[in-house]
Structure formats: C-alpha cells, structure tokens
Amino acid sequence: MKILSQNTAFGGMQGVFSHDSDVCKTEMTFAVFVPPQAISQPRPVLWYLSGLTCTHANVMEKGEYRRLAAELGLIIVCPDTSPRGNDVPDELTNWKMGKGAGMYLNATEMPWAENFQMYSYITEELPALIASQFRADMTRQGIFGHSMGGHGALTIALKNPDRFKSCSAFAPIVSPLKADWTQDAFEKYIGPDRAKWRLYDACALIEDGARFPEFLVDQGKADSFLETGLQPWLLEEAVKGTDIGLTLRQHERYDHSYYFISTFMDDHLRWHADRL
C-alpha cells in the first residue's frame, strides 16, 4: 500500500492510498478517514460508494463527513468507482460506461471482464487490506453511497446481510433493469441475458428473496435524474409485504449534487453509528 497523502482533520487522519489490485489487475486508489479514537481501539468501518464519473475524491472534498465521523468514531472508506490506467478498457465519449462507471458488479464480457471486477474488489480484496492496515473493527461495518454508489450499497448489503449491519443511500439507482442510464452498461458488462442483471438490481434481489433489516434513502425532488434513472418508488413497491424497513425521505428543491449530499450527511452518519 502506498501513501499518496495524509492530512490531519478534526483530530483524525484523512489519507489517500493506492495499491496493486489482484482483482482489478491495475493500481487502485482509495481514501480513508481514521477518527482520533482509533489511536486506542478498533473502530467501526463505514463504506461510501460514489456515483458515475466520480473518484474517491468527490466525497472526500465535498461530502463534509469528517467532523461528525471524528465525533462518532467512524472509519470512513471511500473506494474509487472503477479500475483505471492506460491498459484498462474505456469508452471515452460515454460517461455511463468504463472508467468512472464500474457499476459495482463483476463483468463477465470482454474486454471488460479483465479489469472490471468491482463487486469482488469492494466485498473481498479492499476489506482485507483495510483489516490489515488500519485499526478497524471489521465485525461492525456499514455501507452507503450516492446514485450509482447507492445502487452498489443497496445491492452489496442485500447480498451480504451477515457482514453489514447498516445501509443507506443518497438518490440511489434502485433498479438498473429499468433505469435509462444503466442498461447499456449492464449489457456490455454482463451480456444481454437480463436474468443475470437481477444479481445487481436491488428491487430484483428483494423480489428474489434477498433481505436486509432496514434502509435509509434520501432523494431530492428537484433531481433531474429522478423520473427515468432513480425511481425510488420502485424500491417502495419492492419492500411491500416484506420485513424490510424503508425510511424514504423526499426533499423539495434538492438536486443530485453534493450540496444535497452534504446537507444530509450528518443524518446518515448518525443512522449508521446507531446501528454499528
């Protein structure tokens, strides 16, 4: 693991690191905020998954999480959204595909399958690195994210309910099967068989029997992607008749930006801290 930067903030440490990924077969970058309490004892880990076009840096620079994370004693891990590097395939004119658009799945179609193994990276390789390099209590993990990262958080929690104790999302893509900005990428990553897409679709996973205790979802009603890309009402429909709790909060005038995310970041950190 290489240290790219380390800065003191609110008594803790905000670091950016890189490592050679065996899963993604390229160098991967990630950010970690370590609260001051970790000096003396292992702390819970909260994973934040970012959205399309983002890197680890977007939430680190705009998310405004450090003050409260330091107070609550939470380690915040912010992975990149995809593999990168000169040898990694990409579509330069398509921001919904390739670099910055890993969709938190394991690609099975070439040329993407060689590097785009983000599900395994987030659930296996990077957690092992975090456990070995930081004073982290891996028995207490939560996960949240924004947009594509909200999709990732929901699906990863549903598929790993024994690992994660909490899950929330900002403006998540709740059903890539129906969203207009995921279908092209899903077909290229995992092929035209939509039955395989269901493994990475929160609503389909719930319909197929996956369960998680409860979700917190915040959605801006002025979000330009609301009607065709996010569609939170589909998640409401999916959890009906199940024992999954859903707190869906919809906010007038808020859009899809980090102004929205930073406004409600404290609520999400407290939600996770209460469950971790």
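Our subject is the structure listed above.
My aim in this report is to walk through the structure given alongside it, one point at a time. (Residues numbered from 1 in each chain as written. Predicted model: local features only at pLDDT ≥ 70, side-chain atom pairs only at ≥ 80, totals over all residues. Heavy atoms only, no water.)

When you line up the elements, Thr29 lands in strand β3 (residues 26-34). The class of Thr29 is buried, set by a relative accessible area of 18%. Non-local contacts of Thr29, meaning those with residues more than four positions away in its chain, are made with Leu4, Val16, Phe17, Ser18, His56, Pro79 and Asp80. (Helix = DSSP H or I, 4+ residues; strand = E, 2+ residues; numbered from the N terminus. Buried < 20%, exposed > 50% of the residue type's maximum accessible area, 1.4 Å probe, protein only. Contact = heavy atoms within 4.5 Å.)

Most of strand β6 (residues 136-146) is tucked away, with eight of its 11 residues classed as buried. The sheet contact formed by strand β4 (residues 43-49) and β6 spans seven bridges and is parallel. Looking at the pairing, Leu46 lines up with Gly142 of β6. Pairing of β6 with strand β7 (residues 164-170) involves six bridges; the strand directions are parallel. Bridge assignment links Gln141 to a residue of β7, and that residue is Phe164. Remark: the β6/helix α4 (residues 148-159)/β7 crossover connection has right-handed handedness. (Pairing = 2+ DSSP bridges. Right-handed = clockwise from strand over helix to strand, strands pointing away.)

Our next topic: the state of the cysteines. Within this structure, the stated rule accounts for zero disulfides. The thiol of Cys167 is not disulfide-bonded; the next cysteine sulfur, from Cys203, is found 13 Å away. (Disulfide = S-S within 2.5 Å.)

Taken in spatial order, the nine strands make up an open sheet running β1-β2-β3-β5-β4-β6-β7-β8-β9, and their pairing is mixed. A single partner strand is all that each edge strand has here, and the edge strands are β1 (2-9) and β9 (245-251). Within this sheet the neighbouring strands show an average axis-to-axis angle of 20 degrees, counted without direction. The strands touched by helix α10 (residues 258-275) are β4, β5 (75-79), β6, β7, β8 (214-220) and β9; relative to β7, the strand with the most contacts, the crossing angle is about 165 degrees. (Axes fitted to C-alpha atoms, helices over the stretch in contact; angles between N-to-C directions.)

Another point: α10. A rise of 1.5 Å per residue sets the reference length of α10, with its 18 residues, at 26 Å; its end C-alpha atoms lie 24 Å apart and thus fit the reference within 8%. For α10, the principal kink sits at Phe264 and spans about 45 degrees. Listing the buried residues of α10 in full gives Tyr258, Phe260, Ile261, Ser262, Phe264, Met265, His268, Leu269, Trp271 and His272. For α10, the side-chain oxygen to backbone nitrogen distance between the N-cap and Tyr259 is 3.2 Å, and the N-cap itself is Ser257. (Expected span 1.5 Å × (residues − 1). Bend = angle between axes of the 7 residues up to and from the residue. Polar contact = N/O pair within 3.5 Å; in protein donor to acceptor, adjacent residues only side chain to side chain.)

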